[in-house]
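# Survey of secondary and tertiary structure
One letter stands for each residue in the lines below.
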Amino acid sequence: MTNPSGHSLAGNSVSENYEGEFGCTLMDLRKLMELRSADAVTQISTHYGGVQDICARLKTSPVEGLSGNPTDLEKRRLVFGQNVIPPKKPKTFLELVWEALQDVTLIILEIAAIISLVLSFYRPPGGDNEMCGQASSGPDEEEEAETGWIEGAAILTSVIIVVLVTAFNDWSKEKQFRGLQSRIELEQKFCIIRNGQLIQLPVAEIVVGDIAQIKYGDLLPADGILIQGNDLKIDESSLTGESDHVKKSLDKDPMLLSGTHVMEGSGRMVVTAVGINSQTGIIFTLLGASEEDEEENKKKGKKQGVSENRNKAKTQDGVALEIQPLNSQEGIDIEEREKKVNKMPKKEKSVLQGKLTRLAVQIGKAGLIMSALTVVILILYFVIDNFVIQGRAWLPECTPVYIQYFVKFFIIGVTVLVVAVPEGLPLAVTISLAYSVKKMMKDNNLVRHLDACETMGNATAICSDKTGTLTMNRMTVVQAYVGNTHYRQIPSPDVFPPKVLDLIVNGISINSAYTSKILPSEKEGGLPRQVGNKTECALLGFVTDLKQDYQAVRNEMPEEKLFKVYTFNSVRKSMSTIIRKPEGGFRMFSKGASEIMLRKCNRILNKEGETIPFKSKDRDDMVHNVIEPMANEGLRTICIAYRDFDDTEPMWDNENEILTELTCIAVVGIEDPVRPEVPDAINKCKRAGITVRMVTGDNVNTARAIATKCGILTPGDDFLCLEGKEFNRLIRNEKGEVEQEKLDKIWPKLRVLARSSPTDKHTLVKGIIDSTVGEQRQVVAVTGDGTNDGPALKKADVGFAMGIAGTDVAKEASDIILTDDNFTSIVKAVMWGRNVYDSISKFLQFQLTVNVVAVIVAFTGACITQDSPLKAVQMLWVNLIMDTFASLALATEPPTDSLLRRRPYGRNKPLISRTMMKNILGHAVYQLTVVFFLVFAGERLFDIDSGRKAPLHSPPSQHYTIVFNTFVLMQLFNEINSRKIHGEKNVFAGIYHNAIFCSVVLGTFFCQIFIVEFGGKPFSCTSLTLEQWLWCVFIGIGELLWGQVISAIPTKSLKFLKEAGHGADKEEITKDAEGMEEIDLAEMELRRGQILWFRGLNRIQTQIEVINTFQTGASFKGVLKRQNMSQHLDVKLVPSSYSTAVAPVKSPPSTSSAVTAPPMGNQSGQSVP
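First, a word on what this report is: a plain description of the structure on this page. Quick caveat, the model's predicted, so the values are computed rather than measured.

Attention now moves to helix 22 (residues 616-632). Between its first and last C-alpha atoms helix 22 spans 22 Å; for 17 residues at 1.5 Å apiece the expected length is 24 Å, and the two agree. The sharpest bend along helix 22 measures roughly 40° and falls at Val623. Inspection of helix 22 places Arg619, Met622, Val626, Ile627, Met630 and Ala631 among the buried residues, and these make up the whole buried set. A positive phi of about 85° marks Gly634, the residue just after helix 22.

Written as structure tokens, this is what we have:
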């Protein structure tokens, strides 16, 4: 196999020198990691003499780990590689410039400018012939005719500026996304033992020989071999496509692979392969290679036949894969399953992008028609005027002069098109999103998928976890029930008989994950730090409060000595640990949710520490007198119990028989205080029209108490609090299937779902999203931290994972990571989401006003005066102001609290409301009146020469300079008006908070002064007097006054106003979205609009591609899951393609065709052709 790391040979020889120091080489370990189950066990024991021996060869201790000596770590990196998979090379600035040059409109402009340039240098014999009509007049005729080239050159220069600005925007955008990318990857840390200490290490720093502590919910960062494991189950579907969880144990299957998820249990492993030598890395190298091959093939221009394409998958990595013929039974099954899958409601994304693309396409069509009309009218007018009315003959020597006129008309037409097409739209979206994403980081929201930011603004419902999100996740035991006594405070240890105290201490210290610890506070006088599972930390704190030392117990009974561990999972809702007793037999300690554990107890300890029978009547009394009062105070109740097996050793796999006949030791009440800022945040949500629901695994009384403290429930409201069982009974039919109608009766009133399983959470989220109750489809945000929250996070419109308490699996499935696990951060995300929407509406309002006015002025001016009052270069400058600069200025407005004082817009709300339409048309009327007045009467007002009907190469006139200057200044002041879109009177509110806006407006103003005073011929400008300048500014300020007049007119009274910028209809969506896993509305609009060759499309395509690359790269493990791993050597293709047919697959456009298995067809988010 080739060396994928791409190290030079010299580097290799260095690593070979070091390789001798270790007992096995890189290739040995790579070969070993390719084996599975029994083969691996045999190889490890025969060839290496067991796992301990492998640790010895790698010079590491299974208990202490590596020493952490920097030279040793560096040596390991040299020999075995680093734990990084190199990312794809970004496009260079020149490539981006080349892409921007591909723009059709720009190419047309360039060609026209070049023709104009060439013709301006061409002096035809007899060209000055009077018969050719007026070419130029006035004393400067000669000199002016010689400067005719300036206009062509100016157009070319402005095209170059536009291209550079576009390329720079794309480049900085890509750079930002890569920065975000690396930030997401840096966030991922892993528990490693070095020098006997458990530390959190960034994934990239892990080396071969490290000892990693793995636990439920981890995403494995490297390949390794299990040293010790408790009840370990791994989901390897990302590599094999098999959805069953694989049990891992030392004697059956000790091989752990990177990119797989720990679904249950815990353990320790020795790292044997990292980075490009791990199984994930090998697949990535193959992917990279196959992409490069494909690109090379494209360059060579090979045209592959159908048969060749079919065989491509077989030989992708040089190993023939068994491909099922499609007509076989299994193939047919898959097709049927796919059909079923396609009928499911799909998740829609990029709703905003979809609306914008649709709008851009519509405006583009209108612009295209207008520009064509302009050219036709200009040419007809010229021909009729010259050859019909004046009766001239077409003389051969006059041809170049006429062509020059035609080229000028053509340039005017193209310029109208350039101004009409709002290519700033996608730019505004991207700037706005990128800016928001950057700022959201400061608000503790790490955005993994860009469109989550925009979707959050439409959220109507939030389903939130309780622990850690609404509460502080700082748990403490505050009450206890031991030996028939309910202690309201923690008692002193003397009140318990030694036997009971011993059982409590052992039952907690041994039967909790050894990774849960209480460490001294980092600050003096602060609270001790809780590390690991917070509930277990509370129990360990209880042991410490009883003046006992849990660490001493653990040292006596290290993890290796534990006989068997049943780890906690969402089905068991309990954890049990079995140890051998010194005198023979076994003892099992159990802990779990009190009402579940008490059902399994048939004995209980009394005051003296003796066991007495515990009947169901006693249980009911205890629930009534102890557990419910605790729960009503918002406490979480945990029961601690034990059982001895003295006679015979039971069947350990038969869990149900083992977890019965327990003896209850104690029940404790754990308090987790509500975060102080949460009630206010929930209040804001209610004001903003967002319903907050609490979904928790706690019992219903605890949940209700906390929900009341948070303000989710207010006294006297008619709302539901249900337990998971009751919820399922109400929404399922006799067959156990969920019925949407039944669910629709419940969810609108449901506020608390307690004792819920992850499946219940998924059912609720899916039910709310699919519901047709109410006029708008609900947009649901969900928080989750556990491994099993994955499906609910994926199904939700926006999934929030917890950055601190969340498992890697949850983070992988989420759209946004809350770096502080705090509910208030979600409210901030809503604010930013709404702000993105508003920023884009502000920009639209501004842009469309300029578009309407510029197009009408150019069109009418051309028809009446045979020349556009705004010249090509001036139009390009206006275009630059209103596109690039305005999108910067208006898309970076910071959010204000007023955003949370209105209802959500909903997914179908048009981009341009009637108020905005009133503003656009109102300002257009003012600007058109002013411009036309200046064009047709300006020379009399200012007492200057008229600029109308000027000959071909005449010098710039003051008249048209005033028109241009006034036009730009009106846009500048209208930009201030555009800061408000809901009809507010004060357009200056908060303007100082936005430094970018102020600097853009002032910067544009100074540029304008420079252009007018020193622009000269290239900009068709001539300098103005101070009085003329003051008039221009005065008319510009008139925009602000006119804005007040418009806002005073009530929108309701203007019945003729229509909204614009709707999304696609339901029917259109379903028709176009066949076969797509997720509906990307932006891409669908693009496909519809592809007939148009105008500029905006190319730009939108680039934006979407950048966003797609960003989204699919959310972490290299994420990509792993999104590729259908048909490459993997020992994978049967059919099951893998089945699992991908069911799981939502997001796959990057670039690799989709290379990777997808043939029976599936291209099922990815197909890139835009």
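That covers the picture; the talk isn't over yet.
In this section: the packing of aromatic side chains. For the structure shown, the criterion picks out 17 aromatic pairs. Ring centres of Phe382 and Phe409 lie 5.8 Å apart, and the angle between their planes is 65°; on these two criteria the pair is classed as edge-to-face. Placement of the pair is Phe382 in helix 14 (residues 351-389) and Phe409 in helix 15 (residues 399-420), with a sequence separation of 27 residues. The class for Phe409 is buried, based on a relative accessible area of 1%. Ring geometry for Tyr487 versus Phe496: centroids 5.8 Å apart, planes at 85°, classification edge-to-face. Neither residue differs from the other here; Tyr487 and Phe496 are each classed as buried. An aromatic cluster of at least three residues, connected via ring pairs, comprises Phe382, Phe387, Tyr402, Phe406 and Phe409. Above the plane of the ring of Tyr514 lies Arg554, whose end atom (NZ or CZ) is 4.7 Å from the centre. Directly above the ring of Phe997 sits Arg979, whose terminal nitrogen or CZ lies 5.5 Å from the centroid.

The next thing to look at is the sheet that holds strand 25 (residues 780-784). Read across the sheet, eight strands follow the order 9-27-26-25-10-22-24-23 without closing on themselves; strand pairing throughout is mixed. Edge positions in the open sheet fall to strand 9 (445-447) and strand 23 (720-723), since each of these has one partner strand only. Going from strand to strand, the sheet's axes swing by 20° on average, the running direction of each strand aside. In this structure, strand 26 (residues 798-802) lies alongside strand 27 (residues 816-818), joined through three bridges in parallel fashion.

Moving on, we get to helix 6 (residues 93-101). For helix 6, the set of buried residues is Leu96, Val97 and Ala100. Here the buried residues of helix 6 occupy an arc of 105° about the axis, which is enough to place them on one side. Facing away from the buried side of helix 6 by over 90 degrees, the exposed positions are Leu94 and Trp98.

The next point concerns the pattern of salt bridges. Close approach of charged atoms lets side chains of opposite charge pair. Counted under the stated rule, the structure contains 29 salt bridges. The salt bridge partner of Arg268 is Glu560, with a shortest N-O separation of 3.3 Å. Of this pair, Arg268 sits in strand 7 (residues 261-273) while Glu560 sits in the loop between helix 20 (550-556) and strand 15 (564-566), placing them 292 residues apart in sequence. Its relative accessible area of 6% is what places Arg268 among the buried residues. Residues Lys581 and Asp644 are paired through a salt bridge, measuring 3.5 Å at the closest nitrogen-oxygen approach. Of this pair, Lys581 sits in the loop between strand 16 (574-580) and strand 17 (586-593) while Asp644 sits in strand 20 (residues 636-645), and the two are 63 residues apart along the sequence. Relative accessible area serves as the criterion here: at 26%, Asp644 is assigned to the partly exposed category. Residues joined by salt bridges that share partners form a network here, namely Lys581, Arg587, Asp644 and Asp646.

Here is what the cut-offs are and how they apply
Residues numbered from 1 in each chain as written. Predicted model: local features only at pLDDT ≥ 70, side-chain atom pairs only at ≥ 80, totals over all residues. Heavy atoms only, no water. Helix = DSSP H or I, 4+ residues; strand = E, 2+ residues; numbered from the N terminus. Expected span 1.5 Å × (residues − 1). Bend = angle between axes of the 7 residues up to and from the residue. Buried < 20%, exposed > 50% of the residue type's maximum accessible area, 1.4 Å probe, protein only. Phe/Tyr/Trp six-rings, centres within 6.5 Å; stacked < 30°, edge-to-face > 60°. Lys NZ or Arg CZ within 6 Å of the ring centre and 35° of its normal. Pairing = 2+ DSSP bridges. Axes fitted to C-alpha atoms, helices over the stretch in contact; angles between N-to-C directions. Arc of directions from axis to C-beta. Salt bridge = Lys/Arg side-chain N within 4 Å of Asp/Glu carboxyl O.

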